[in-house]
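Read off the chains here:
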Amino acid sequence: MISDLADWTPREAPRHAPMEGRFVRLVPLDAAAHGDALFGITENDPQRFRYLFEPPPADRQALQPWLDLAQASTDPLWFTVIDQTSGRVVGRQSFMRIDKVHGVIEIGSILWSSLMARSPASTEALFLFAKHAFDDLGYRRFEWKCNNLNEPSKQAALRYGFSFEGVFRQHMVVKGQNRDTAWYAMTDRDWPLIRSAFEAWLDPANFDLQGQQRERLGEIRAALAGAVS
């Protein structure tokens, strides 16, 4: 953590460049290269749009305007998630609400397909974003926000090590409905412990021959916290 901020300077924007992990690779969203595969995700999993800002596209053509906007956007800054083993497109995510002046950044508008559900891929996709924000760019705060009705998202935030900070009531109108927004964040003070837990959980030694985890991420984080307390 940077405790003395007298010499604080604005941070750089996140780099729109590939990030390599063991399970996934994050690459800048390319409308032409990734469009068909991203539509395949929406076509097969429309319920995953329930809490997103946009509805699932009716067909491939209907997705194209969104793809063109996403590719050109710098905030949100979009990445496609690619499975390292199969090479398949399995999701999308973005850096958003990028505040370079104060060193605050958010991961948002996540669409992780069922292929990523309950797998190391989603954990690593989140970790790669957090690592870039804290370690490469020196941001002070990394945020996760979701509809307060979205219980799986809220549980995921806690599992990853974000701290719950409250609910912004009547925060937005989304798809003609009220959205109360649950806010979560981790800071550069929290990050060393959280990073160590991610690294230990993602280590090949934490998975058996069937690919099942030996220890849960939260258990590892709690053990590390106890060791330093």
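Above this text sits the structure in question.
Read on for a plain summary of the structure.

The rules behind these values
Residues numbered from 1 in each chain as written. Predicted model: local features only at pLDDT ≥ 70, side-chain atom pairs only at ≥ 80, totals over all residues. Heavy atoms only, no water. Phe/Tyr/Trp six-rings, centres within 6.5 Å; stacked < 30°, edge-to-face > 60°. Helix = DSSP H or I, 4+ residues; strand = E, 2+ residues; numbered from the N terminus. Buried < 20%, exposed > 50% of the residue type's maximum accessible area, 1.4 Å probe, protein only. Lys NZ or Arg CZ within 6 Å of the ring centre and 35° of its normal. Axes fitted to C-alpha atoms, helices over the stretch in contact; angles between N-to-C directions. Parallel < 35°, antiparallel > 145°, perpendicular 65-115°, else oblique. Left-handed = near helix turned anticlockwise from the far one by under 90°. Contact = heavy atoms within 4.5 Å.

### Details of the packing of aromatic side chains
Per the counting criterion, the structure on display carries 16 aromatic pairs. Seen in terms of ring centroids, F79 and F129 are 5.4 Å apart; in terms of plane orientation they differ by 80°. Their pairing is edge-to-face. Of this pair, F79 sits in strand β3 (residues 77-83) while F129 sits in helix α3 (residues 120-136), and the two are 50 residues apart along the sequence. For F79, a relative accessible area of 0% puts it in the buried group. Consider the rings of W144 and F162, whose centres lie 5.7 Å apart with planes at 50°: the pair is tilted. A residue pair is termed long-range when its members are at least 10 positions apart, and W144 in strand β6 (residues 141-147) and F162 in the loop between α4 (151-160) and β7 (163-174) qualify at 18 residues. One exposure class covers both W144 and F162, and it is buried. Chaining the aromatic ring pairs together yields one cluster made of F127, F134, F142, W144, Y160, F162, W191 and F198. The residue whose ring lies beneath R140 is W8, and the NZ or CZ to ring-centre distance is 5.9 Å. Its end group placed over the ring of W183, K145 keeps NZ or CZ at 4.1 Å from the ring centre.

### A few points about the packing of helix α1 (residues 31-44) against helix α2 (residues 60-72)
Interhelical geometry of α1 versus α2 gives an angle of 135° and a closest axis separation of 10 Å. When the axis of α1 is compared with that of α2, the two are oblique. Our pair here, α1 against α2, has a crossing hand that is right-handed. Seen from α1, the contacting residues are A31, A32, G35, D36, L38 and F39; seen from α2, they are R60, L63, Q64, L67, D68 and Q71.

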